[in-house]
Amino acid sequence: MDSMIKNVGEIVEDGKNKNLIRGIVEEIKFSKKNLWQFLLAGILAIFEALFIGVNEKTVSIFCEVVQDINNISIAFIAMIIGAYSIFQALLSKSVIIQLLKSKNNILRESNKSFLNLSIIYTLSIVVGAFIAIIMRVIPEEFLIMNNTELSNVVAVIGLLIYFAYYNIIFLEVIKFVINLFRMFCVYNAVSGMDAINEESDKMK
C-alpha cells in the first residue's frame, strides 16, 4: 500500500510546471541508458549529412527531406496520441491498481513519455515548418561561403546536427512503445484473471 501511495504521489508531482520542463529535457538528454540511441542516431546522421551536404543539389534535396521529416513527425504524434488515448479508454480500476503496484511505476513512466514526446514532436514540427519556409526562398546555387569546400563542410555540420536531433526523437518512440506494451500486458493479465474468476463463479 505504501508503494502505491508513493507512486500516486510521484504522478501528482509530475504535473507541476517546473517538472514538465525538466522532464522534456531529461527525455532526450544523453545518459548511459540511451547510449545506443545516441550512437545509432549519430551514425545515421553522419551518412545522411554526407550524402546531402556534398551534393550539387543540396538545397532542393534538403527541402524535400525537411518536408518528409515533418510528415513523419505528424504521423508519429498522431500515432502516439491515438495509441495512448485507446489505452486510457481501456483502463479500469483493477488495471490502475496493478500498474500502481509495479516496481518501476509503469503508469508514471508511460504518462511522462506520452507528454514529453507529444510536446517534443509538436515543437519539432513547428521548427521543421519554419526551416521549410526558409529553404524555399534560398536559391539552388546558394553558397554559405565563397569557397565551395568550406560551404560543404558548414553544410555537413549543420545537417549533422539536424539529422542527429530528429533521429534521436524518432528512436524515442521505441521507448514509448515498450512502455505502452508493458501496460497492455498488465491490462491483458488483469482482464484474463477477471475472465477466469467469472468462469469459476459460473461453475460453482
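Description of the structure in this document. All values derive from a computational prediction rather than experimental measurement.

What counts and what doesn't
Residues numbered from 1 in each chain as written. Predicted model: local features only at pLDDT ≥ 70, side-chain atom pairs only at ≥ 80, totals over all residues. Heavy atoms only, no water. Helix = DSSP H or I, 4+ residues; strand = E, 2+ residues; numbered from the N terminus. Buried < 20%, exposed > 50% of the residue type's maximum accessible area, 1.4 Å probe, protein only. Contact = heavy atoms within 4.5 Å. Areas by Shrake-Rupley, 256 points an atom, 1.4 Å probe, with all protein chains shown as cover. Core = buried A, V, L, I, M, F, W, Y, C linked by side-chain atoms within 4.5 Å. Expected span 1.5 Å × (residues − 1). Arc of directions from axis to C-beta. Patch = residues over 30% accessible without salt bridge, like charges linked within 9 Å, V, L, I, M, F, W, Y side chains within 5 Å. Salt bridge = Lys/Arg side-chain N within 4 Å of Asp/Glu carboxyl O. Axes fitted to C-alpha atoms, helices over the stretch in contact; angles between N-to-C directions. Parallel < 35°, antiparallel > 145°, perpendicular 65-115°, else oblique. Left-handed = near helix turned anticlockwise from the far one by under 90°. Nonpolar A, V, L, I, M, F, W, Y, C, P; charged D, E, K, R; others polar. Phe/Tyr/Trp six-rings, centres within 6.5 Å; stacked < 30°, edge-to-face > 60°. Polar contact = N/O pair within 3.5 Å; in protein donor to acceptor, adjacent residues only side chain to side chain.

## Regarding the overall build of the protein
For step 1, the next point in the chain: A count of helical and extended segments in the protein gives seven helices and zero strands.
For step 2, the next point in the chain: Residue burial in the protein is summarised as follows: out of 204 residues, 33% are buried.
For step 3, the next point in the chain: Of all intrachain contacts in the protein linking residues separated by at least 6 positions in sequence, the fraction that spans at least 24 positions is 87%.
For step 4, the next point in the chain: Put simply, the protein shows about 12,600 Å² of open surface, and 69% of that area lies on carbon and sulfur atoms.

## Brief notes about the nonpolar core
For step 1, the next point in the chain: Among the nonpolar cores identified, the biggest contains 37 residues, and Ile-69, Leu-99, Tyr-121, Tyr-162, Phe-163 and Met-183 are the most heavily contacted of them.
For step 2, the next point in the chain: Looking at this core element by element, the count peaks at 13 residues for helix H7 (residues 148-203).
For step 3, the next point in the chain: The residues touching Ile-69, leaving out its near neighbours within four places in the chain, are Tyr-162, Phe-163, Tyr-166 and Phe-170.

## Points about the environment of Ile-178
For step 1, the next point in the chain: Assignment of secondary structure puts Ile-178 in helix H7.
For step 2, the next point in the chain: Ile-178 sits in the partly exposed class, given a relative accessible area of 45%.
For step 3, the next point in the chain: Placed 68 residues apart in sequence, Ile-178 and Ser-110 show a C-alpha to C-alpha distance of 9.2 Å.

## Remarks on helix H3 (residues 35-53)
For step 1, the next point in the chain: Taking 1.5 Å as the rise per residue, H3 with 19 residues should run 27 Å; its terminal C-alpha atoms sit 26 Å apart, in good agreement.
For step 2, the next point in the chain: By the burial criterion, the buried members of H3 are Gln-37, Ala-41, Ala-45, Ala-49, Ile-52 and Gly-53. Seen end-on, H3 carries its buried residues on one side only, within an arc spanning 85°. Seen from the buried face of H3, the exposed residues on the opposite side, beyond 90 degrees, are Leu-39 and Phe-51.

## What about a nonpolar patch on the surface?
For step 1, the next point in the chain: Together, Phe-30, Leu-35, Leu-39, Ile-43, Phe-47 and Phe-51 give the surface a local cluster of nonpolar side chains, amounting to about 660 Å² of exposed area.
For step 2, the next point in the chain: Residue position: Ile-43 is located in helix H3.

## Focus on the pattern of salt bridges
For step 1, the next point in the chain: On inspection of all chains with the given rule, the structure shows one salt bridge.
For step 2, the next point in the chain: Between Lys-175 and Glu-172 there is a salt bridge, and its shortest N-O distance comes to 3.4 Å. One end of the pair, Lys-175, and the other, Glu-172, are both in helix H7, three residues apart, so they sit about a helical turn from each other.
For step 3, the next point in the chain: Overall, Glu-172 belongs to the buried group, its relative accessible area being 0%.

## Considering the packing of helix H4 (residues 58-90) against helix H6 (residues 106-136)
For step 1, the next point in the chain: Relative orientation of the contacting elements H4 and H6 amounts to 155°, with a least axis distance of 9 Å. Considering their axes alone, H4 and H6 lie roughly antiparallel with respect to each other. Taken as a pair, H4 and H6 cross one another with a handedness that is left-handed.
For step 2, the next point in the chain: The residue makeup of the contact of H4 with H6, split by class, is 19 nonpolar, 10 polar and one charged.

## Observations regarding the environment of Leu-171
For step 1, the next point in the chain: With respect to the helices and strands, Leu-171 occurs in helix H7.
For step 2, the next point in the chain: Distance from Leu-171 to Leu-40, taken between C-alpha atoms, is 9.0 Å for residues 131 residues apart in sequence.
For step 3, the next point in the chain: When near neighbours in sequence (up to four residues on either side) are disregarded, Leu-171 contacts Gln-37, Leu-40 and Ala-41.

## Topic: the packing of aromatic side chains
For any pair of aromatic rings, the description rests on two quantities: the centre-to-centre distance and the angle between the ring planes.
For step 1, the next point in the chain: According to the stated counting rule, one finds 11 aromatic pairs in the structure shown.
For step 2, the next point in the chain: Residues Tyr-162 and Phe-163 carry aromatic rings whose centres are separated by 5.4 Å and whose planes lie at 80° to one another, so their mutual orientation is edge-to-face. The pair formed by Tyr-162 and Phe-163 is uniform in burial state, with each residue classed as buried.
For step 3, the next point in the chain: Aromatic side chains Tyr-162 and Tyr-166 sit 4.8 Å apart centroid to centroid with 45° between the ring planes, which places their arrangement in the tilted category. With Tyr-162 and Tyr-166 both in helix H7, this residue pair falls four residues apart, about one helical turn.

## A closer look at the side chain of Thr-58
For step 1, the next point in the chain: Structurally, Thr-58 is set in helix H4.
For step 2, the next point in the chain: In terms of polar contacts, Thr-58 uses its side chain to reach the backbone carbonyl oxygen of Ile-52, at 2.8 Å.
For step 3, the next point in the chain: Discounting residues that sit within four places of it in the chain, Thr-58 has contacts with Ile-52, Gly-53 and Glu-140.

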